[in-house]
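Chain by chain, the residues:
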Amino acid sequence: MTRILLVDDDAALSETLELDLVRRGYGVQCRRSAAAALAAMQESEFDVIVTDLRMPETNGIDFCRTVVERRPDVPVVVLTAFGSYESAVEAMRAGAFDFLSKPVRLDVLAIAVDRAAEHRTLVKRVRKLEREATPETEPELTGSSSAFREVVELLGRVAETETTVLVTGESGTGKELVARAIHKRSRRRDGPFVAINCAAVPESLLESELFGHVRGAFTDARTSEPGLFVAANGGTILLDEIGDMPLAIQPKLLRVLQERTVRAVGANTERPIDVRVVAATNRDLETAVEEGRFREDLYYRINVVHVPVPPLRARAADIFPLAQRFATEFARRSGREITGISVACARRLATYAWPGNIRELQNCMERAVALARGEYIEVEDLPEKVRDHRASRLVIDVDDPSAFVPLEQIEREYIARALQAVRGNKSAAARLLGIERKRLYRLMDRLGVLRDT
């Protein structure tokens, strides 16, 4: 049954149209104003909206524009007693599907409603076919921003080599996905891809996990295990969160990278390996080297080619495409008919800072798909911190001298915010500010910004 929202402040006419449309088998709800109609759209789904052009408070043209912005999939049929070429053009420019003059013939209105409903059904079918025909790709590699294009271009150059790669970036930016992309584009694509999170394995077990062990090497070693380097032979190994690797294991890893051989725990001989190494971290390794938490020789061994993955806030042009891809995928998995994201919702997504990066956006869209009441994701479907976020700006009244503050205070706060944005990573903050890291340290010391900010 076609669901119609009829919007007209003329009670007598509305009743006449409603009775005729119901008699023809349509489901009809009537509202007397644009505000009431918009509220009804939040509560119920409609296939077609029929609205008068002249209404108190908000006219039909403005109402039509609002509907098209929020729900572009719902066709709008505009009615008016002031039928003219200019009114028709204005309505069509506002996004109306059709335009009828009053007094409207009931059979003509029914035909217009049928055409509008059929159009909506066809659009839905086409979008569904497009989703089904689109091959499943990794959405985190979706992006057209200049920052991300630089990463993709660098991946293309480094993938076909055998060079060790260091992938850096904040948590949730997709570092492992970048490592997998390097593997898939390399000559080793048919070999194994093995990943280990160095921060997730206890120090007492990490050496055995990486290099293997022989039977009897320690109390629970009842059988010999080859280790992940051997398992990755002929392929690629990802050493994720390498910045958290214990110092005691770092020289052993350095030897493996230098000699291309691995010695299992408890073994007397070494075994040759053919493995490409990709390391990843969200730590500032240069600072870790200066503070003695990471070996300098190992740092230079893994940092042959550096691939910095930009945070999502630096990829503003990619936020909406990523959100759309996530929404489509979660809708497909859950069997929901989600056809898109409203304009207002897209604007809110674009202004949020995304401290959790792509992982946070993915979680946000999964929640939004689960809570969406219609075919479009709206602002109210977003998490509260995304929904209520307001971008901060420095506003100064140039006519009020008291509004100005000492330049040193602005510098101090600006550096502190830059450090906060990159979670204390001094090298990343220096790049963000366009200065050398040593200069950043000098500024922090001069301005009294704590090193652990």
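Cut-offs used in this document
Residues numbered from 1 in each chain as written. Predicted model: local features only at pLDDT ≥ 70, side-chain atom pairs only at ≥ 80, totals over all residues. Heavy atoms only, no water. Helix = DSSP H or I, 4+ residues; strand = E, 2+ residues; numbered from the N terminus. Rg over C-alpha atoms; globule rule 2.2 N^0.38 Å. Buried < 20%, exposed > 50% of the residue type's maximum accessible area, 1.4 Å probe, protein only. Contact = heavy atoms within 4.5 Å. Areas by Shrake-Rupley, 256 points an atom, 1.4 Å probe, with all protein chains shown as cover. Pairing = 2+ DSSP bridges. Axes fitted to C-alpha atoms, helices over the stretch in contact; angles between N-to-C directions. Arc of directions from axis to C-beta. Phe/Tyr/Trp six-rings, centres within 6.5 Å; stacked < 30°, edge-to-face > 60°. Core = buried A, V, L, I, M, F, W, Y, C linked by side-chain atoms within 4.5 Å. Parallel < 35°, antiparallel > 145°, perpendicular 65-115°, else oblique. Left-handed = near helix turned anticlockwise from the far one by under 90°. Nonpolar A, V, L, I, M, F, W, Y, C, P; charged D, E, K, R; others polar. Disulfide = S-S within 2.5 Å.

1. A short note on the overall build of the protein chain
The helix and strand tally for the protein chain stands at 19 helices and 14 strands. Against the compact-globule benchmark of 22 Å for 453 residues, the protein chain has a radius of gyration of 30 Å, which places it well outside the compact range. Taken over 453 residues, the protein chain has a buried fraction of 46%. Summarising the internal contacts of the protein chain: among those between residues at least 6 apart in sequence, 71% fall at separations of at least 24. Of the roughly 23500 Å² of accessible surface on the protein chain, 50% is carried by carbon and sulfur atoms.

2. Some thoughts on helix α8 (residues 203-211)
Considered for burial, the residues of α8 that qualify are Leu206, Ser208, Leu210 and Phe211. Next to the buried residues of α8 lie β7 (193-197), α9 (228-231), β8 (236-240), α10 (250-259) and β9 (261-262). A positive backbone phi angle near 85° is found at glycine 212, which sits one or two residues after α8.

3. Considering unusual backbone geometry
A negative phi holds for most residues other than glycine; trans holds for most peptide bonds. Residue proline 103 is bonded to the preceding lysine 102 through a cis peptide linkage, with omega at -5°. With respect to the helices and strands, the residue proline 103 is situated in the loop between β5 (98-101) and α5 (106-133). Unusually for a residue other than glycine, glutamate 241 sits at a positive phi of about 50°. When you line up the elements, glutamate 241 lands in the loop between β8 and α10. With a relative accessible area of 13%, glutamate 241 lands in the buried category. For tryptophan 354, which is not glycine, the phi dihedral falls at a positive 55°.

4. Some thoughts on the sheet that holds β5
Strand pairing in a sheet relies on backbone hydrogen bonds. The paired strands run either parallel or antiparallel. Taken in spatial order, the 5 strands make up an open sheet running β2-β1-β3-β4-β5, and their pairing is parallel. Edge positions in the sheet fall to β2 (27-31) and β5, since each of these pairs with one other strand and no more. In this sheet, adjacent strand axes meet at a mean angle of 20° when their direction is disregarded. Taken strand by strand, helix α1 (residues 11-23) contacts β1 (3-7), β2 and β4 (76-80), and its axis lies near 170° from that of β2.

5. Quick notes on helix α19 (residues 437-447)
Residues three or four positions apart in an α-helix share a direction because the helix packs 3.6 residues into each turn. The set of residues buried in α19 consists of Arg437, Leu440, Tyr441, Leu443, Met444 and Leu447. Buried residues of α19 fall within an arc of 165° about the axis and therefore sit on the same side. Structural note: α19 exposes Lys438, Arg442 and Asp445 on the side pointing more than 90 degrees away from its buried face. Packing partners of the buried residues in α19 comprise α11 (285-290), α17 (407-421) and α18 (426-433). Two residues or fewer after α19 comes glycine 448, characterised by a positive phi angle close to 80°.

6. Considering the packing of aromatic side chains
Considering all chains together, one arrives at 4 aromatic pairs under this definition. Between tyrosine 352 and tryptophan 354, the ring centres sit 4.7 Å apart and the planes meet at 90°, which makes this aromatic pair edge-to-face. Across the pair, exposure class does not vary: tyrosine 352 and tryptophan 354 are buried alike.

7. Some details on the sheet that holds β7
Taking strand neighbours across the sheet as the criterion, the 5 strands line up as β7-β8-β11-β6-β12 in an open arrangement whose pairing is parallel. Each edge of the open sheet carries a strand with a single partner, namely β7 and β12 (305-308). Here the strands of the sheet are splayed against their neighbours by 20° on average, with no regard to which way each runs. Sheet topology note: the β8/strand β11 (residues 276-281) ladder contains 4 bridges and is parallel. Of the residues in β11, the one forming a bridge with leucine 239 is alanine 279.

8. Regarding the nonpolar core
If you look at the biggest cluster of nonpolar residues, it comprises 33 residues, and the most contacted ones within it are Leu210, Phe229, Leu239, Leu253, Phe294 and Ile302. Looking at this core, the elements with two or more residues in it are β7, α8, α9, β8, α10, β11, α11 and α12 (296-302). In terms of residue count, the dominant contributor to this core is α10 (4 residues). Core analysis: the second largest hydrophobic core is formed by 26 residues, Ile319, Cys364, Ile377 and Leu382 among them.

9. Examining the packing of α17 against α19
It is the contact of α17 with α19, at a shortest axis distance of 10 Å, that shows an interaxial angle of 125°. The angle between α17 and α19 falls in the class oblique. Relative to α19, the crossing made by α17 is left-handed. Between α17, through Glu408, Glu411, Arg412, Ile415 and Leu419, and α19, the contact on the second element is made entirely by Leu440, Leu443, Met444, Arg446 and Leu447. Class assignment of the residues belonging to the contact of α17 with α19 gives a composition of 6 nonpolar, no polar and 4 charged.

10. Here's the deal with the state of the cysteines
Per the counting criterion, the structure on display carries 0 disulfides. You can see cysteine 30 has no disulfide; the closest cysteine sulfur is in cysteine 64, sitting 18 Å from it.

11. Here's the deal with the packing of helix α2 (residues 34-43) against helix α3 (residues 60-70)
Two elements in contact, α2 and α3, have axes separated by 11 Å at closest approach and are oriented at 15°. If you check the angle between α2 and α3, you find them roughly parallel. Along this stretch, α2 crosses α3, giving a crossing that reads as right-handed. Facing α2, whose interface residues are Ala34, Ala37, Leu38, Met41 and Gln42, α3 presents Phe63, Thr66, Val67 and Arg70. Residue composition of the contact of α2 with α3, by class: 6 nonpolar, 2 polar and 1 charged.

Keep in mind these numbers describe shape, not what the thing actually does.
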